[in-house]
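Below are the chains, spelled out letter by letter.
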Amino acid sequence: MIGQSPVFRQILRLVSRMSACDAPVLIEGETGTGKELAARAIHYQSARQNGPFIPVNCGAIPDSLIESELFGHRKGAFTDAKENQPGLVTLAEGGSLFLDEVDALSTKGQVTLLRFLQDQEFRPLGARQVEHGNVRILAASNASLPLLAERGAFRSDLLYRLRILCLELAPLRERRGDLEPLSAWFLDACHQRFGLGVKSLHPDSLAWMNQYHWPGNIRELENLLYREYLLSEGPVMRVEAPKGMRLAAPDPVDAPSDDLSFHRAKARAVEAFERNYLTRLLDLAGGNVSLAARLAGKERRSLGKLLKKHGLGRAPRPKAFSRDGLISA
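Figured I'd write up the structure that's included with this text. (Residues numbered from 1 in each chain as written. Predicted model: local features only at pLDDT ≥ 70, side-chain atom pairs only at ≥ 80, totals over all residues. Heavy atoms only, no water.)

Considerations on the overall build of the protein chain
Where we set the bar: For the purposes of this entry, the term helix denotes a DSSP run of H or I that reaches at least four residues, the term strand denotes a run of E that reaches at least two, and both are numbered from the N terminus. Throughout, exposure labels follow a simple rule: accessible area from a 1.4 Å probe, protein chains only, divided by the maximum for the residue type, with under 20% read as buried, over 50% as exposed, and the rest as partly exposed. The criterion used for residue contact is that any of the two residues' heavy atoms lie within 4.5 Å. All accessible-area figures derive from a Shrake-Rupley calculation using a 1.4 Å probe, and residue coverage is judged against the displayed protein chains alone.
Helix and strand counts for the protein chain come out as 13 helices and 13 strands. Looking at the protein chain as a whole, 41% of its 329 residues are labelled buried. Considering only residue pairs separated by 6 or more positions, the protein chain has 73% of its internal contacts joining residues 24 or more positions apart. Carbon and sulfur atoms form 50% of the exposed surface of the protein chain, whose accessible area is close to 18,200 Å².

Structure follows, in structure tokens:
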């Protein structure tokens, strides 16, 4: 998990607090916001970190196999049951079971899951004895489960069982300042994997990317950077903006106003000048900060502070979650 924006730091604080609670967690957010990554972060910082983390895509389980997939079956339970088969709950014993796209569960699947959540007891298909499972349920959904419950498309009682703790992940367009460290991380991963050299984004590309709506969020950014890294030839990547791209809504503080004070208007004009000047300066210097400082007649350290202020230049390698928690990458 990579980022430095205030909204992202709040998410990290919630992840840390939820890791200390052994209760179900519902993770909500648009597609591509990193819901499974957040679930893994919760698991590997919890007391269950030495237990298994078992992810399952609920949308990929046929309705007729939901009980067998979750709870397993005994030999002879049905025609093709030639041997005993443990279910996902058994495989996740002592750890966490991550139910991705839980909103895709059918009515039968929802009833099956609800029954297990009530007392953590289940019976494999074909078995006579009831078994107990020691599993923490982490669920994720792209859709609003409360809204689906209002429409009768999702059971309210199951929603209440899953939503004891709720983590809502912000879309990339609301995480101002996180695009640069995310891009630096993905480009470094490309360098490590493909070995085509260290590459960085051109300031012009960063400019439109910081204004883009990103409907696919971090996954869309990752796929874009991987493709451009493989196809670009120079160390500085110029990425073309998509045609008819949808811009993110501006921050309220950036919105135009007729009653701005003189000092506020002046500060905005200076900020706009600095950013435009620095963007053109980096363009002329090919992204080389030392050369840019010489062209501008400024000390490199002083120019570096200005670049950092406006989020320009190559971002430092950020922090990330590993299996052992938040570490310095």
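Moving on from the model shown.
Quick notes on the environment of serine 46
Spelled out, the test is: Distance and chemistry together define a polar contact, namely a pair of N or O atoms within 3.5 Å, with one atom able to donate a hydrogen and the other to accept it when in protein, and with adjacent residues in sequence counting only for side-chain atoms on both sides.
The residue serine 46 is located in the loop between helix 2 (35-44) and strand 2 (53-57) in this model. Taking the C-alpha atoms as reference points, serine 46 and cysteine 21, 25 residues apart in sequence, are found 7.8 Å from one another. Here the side chain of serine 46 touches histidine 43 through a polar contact of 2.6 Å, landing on its backbone oxygen.

A short note on the packing of aromatic side chains
Here a ring pair, both rings aromatic, is described through the centre-centre distance and the interplanar angle of the planes. The following threshold applies: Pairing of aromatic rings covers Phe, Tyr and Trp, the last through its six-membered ring, and needs centres within 6.5 Å; plane angles under 30 degrees mean stacked, over 60 mean edge-to-face, and all others mean tilted. By definition, being over a ring means that NZ of Lys or CZ of Arg is both within 6 Å of the ring centre and within 35 degrees of the ring normal.
Evaluated as defined, the whole model comprises 10 aromatic pairs. Between the aromatic rings of phenylalanine 53 and phenylalanine 98, the centroid separation amounts to 6.0 Å while the plane-to-plane angle is 20°, which identifies the pairing as stacked. Residue phenylalanine 53 is found in strand 2, and its partner phenylalanine 98 is found in strand 5 (residues 96-100); the two are separated by 45 residues along the sequence. For the pair phenylalanine 53 and phenylalanine 98, a shared accessibility class is recorded, and that class is buried. For the pair phenylalanine 194 and tyrosine 229, a centre-to-centre distance of 6.4 Å together with 35° between the ring planes defines the contact as tilted. In this pair, phenylalanine 194 sits in helix 8 (residues 179-194) while tyrosine 229 sits in helix 10 (residues 217-231), placing the two residues 35 residues apart along the sequence. Over the face of the ring belonging to tyrosine 229 we find lysine 199, whose NZ or CZ atom lies 4.7 Å from the ring centre.

Observations regarding the pairing of strand 8 (residues 136-141)
The test is simple: We call two strands paired when DSSP finds no fewer than two bridges between them.
Of all six residues in strand 8, six are buried, a share of seventy percent or more. Burial along strand 8 is two-sided: Arg136, Leu138 and Ala140 facing one way and Ile137, Ala139 and Ser141 facing the other are all buried. Here four bridges tie strand 1 (residues 25-28) to strand 8, and the two strands are oriented parallel to one another. Its bridge partner being in strand 8, leucine 26 is matched across the sheet by alanine 139. Across four bridges, strand 5 lies against strand 8 in parallel orientation. Looking at strand 8, one finds that phenylalanine 98 is bridged to leucine 138.

Comments concerning the sheet that holds strand 5
In sheet architecture, strand pairing relies on hydrogen bonds along the backbone and comes in two forms, parallel and antiparallel. Stated formally: Angles run from 0 to 180 degrees between N-to-C directions of axes, and those axes are lines fitted to C-alpha atoms, restricted for helices to the stretch in contact.
What the five strands build is an open sheet, ordered 2-5-8-1-9; its pairing is parallel. On the outer flanks of this sheet lie strand 2 and strand 9 (165-168), each paired with one strand and no other. For this sheet, the mean inter-axis angle between neighbouring strands, taken without regard to orientation, is 20°. Across the sheet, helix 1 (residues 6-19) lies against strand 1, strand 8 and strand 9, angled at about 155° from strand 9, the strand it touches most.

A short note on unusual backbone geometry
Even without glycine at this site, glutamate 101 takes up a positive phi of about 55°. Tracing the sequence through the fold places glutamate 101 in the loop between strand 5 and helix 5 (107-119). At asparagine 217, a position not held by glycine, the phi torsion is positive, near 55°. Topologically, asparagine 217 is positioned in helix 10.

What to know about the side chain of glutamine 110
Secondary-structure assignment places glutamine 110 in helix 5. With a relative accessible area of 3%, glutamine 110 lands in the buried category.

Overview of a nonpolar patch on the surface
To keep it simple, the criterion reads: Patch building starts from residues that exceed 30% relative accessible area and form no salt bridge, then joins like charges within 9 Å and nonpolar side chains (Val, Leu, Ile, Met, Phe, Trp, Tyr) within 5 Å. Salt bridge criterion: a side-chain nitrogen from Lys or Arg within 4 Å of a carboxyl oxygen from Asp or Glu.
Residues Leu196, Leu230 and Leu231 make up a contiguous nonpolar surface patch of roughly 300 Å² in combined accessible area. Tracing the chain through its elements places leucine 196 in the loop between helix 8 and strand 10 (200-201).

Quick notes on the environment of valine 289
Tracing the chain through its elements places valine 289 in helix 12 (residues 289-296). Taking the C-alpha atoms as reference points, valine 289 and glycine 304, separated by 15 residues in sequence, lie 7.4 Å from one another. Discounting residues that sit within four places of it in the chain, valine 289 has contacts with Arg300, Leu303 and Leu307.

Considering the environment of arginine 40
One can find arginine 40 in helix 2. Arginine 40 gets classed as partly exposed once you look at its relative accessible area, which sits at 29%. Contacts of arginine 40, omitting those with residues within four sequence positions, involve Phe53 and Pro55.

Points about the pattern of salt bridges
Considering all chains together, one arrives at seven salt bridges under this definition. With a closest N to O distance of 2.8 Å, arginine 175 and aspartate 178 form a salt bridge. On the basis of relative accessible area, arginine 175 is assigned to the buried category, the value being 5%. Note on aspartate 178: relative accessible area 0%, which makes it buried.

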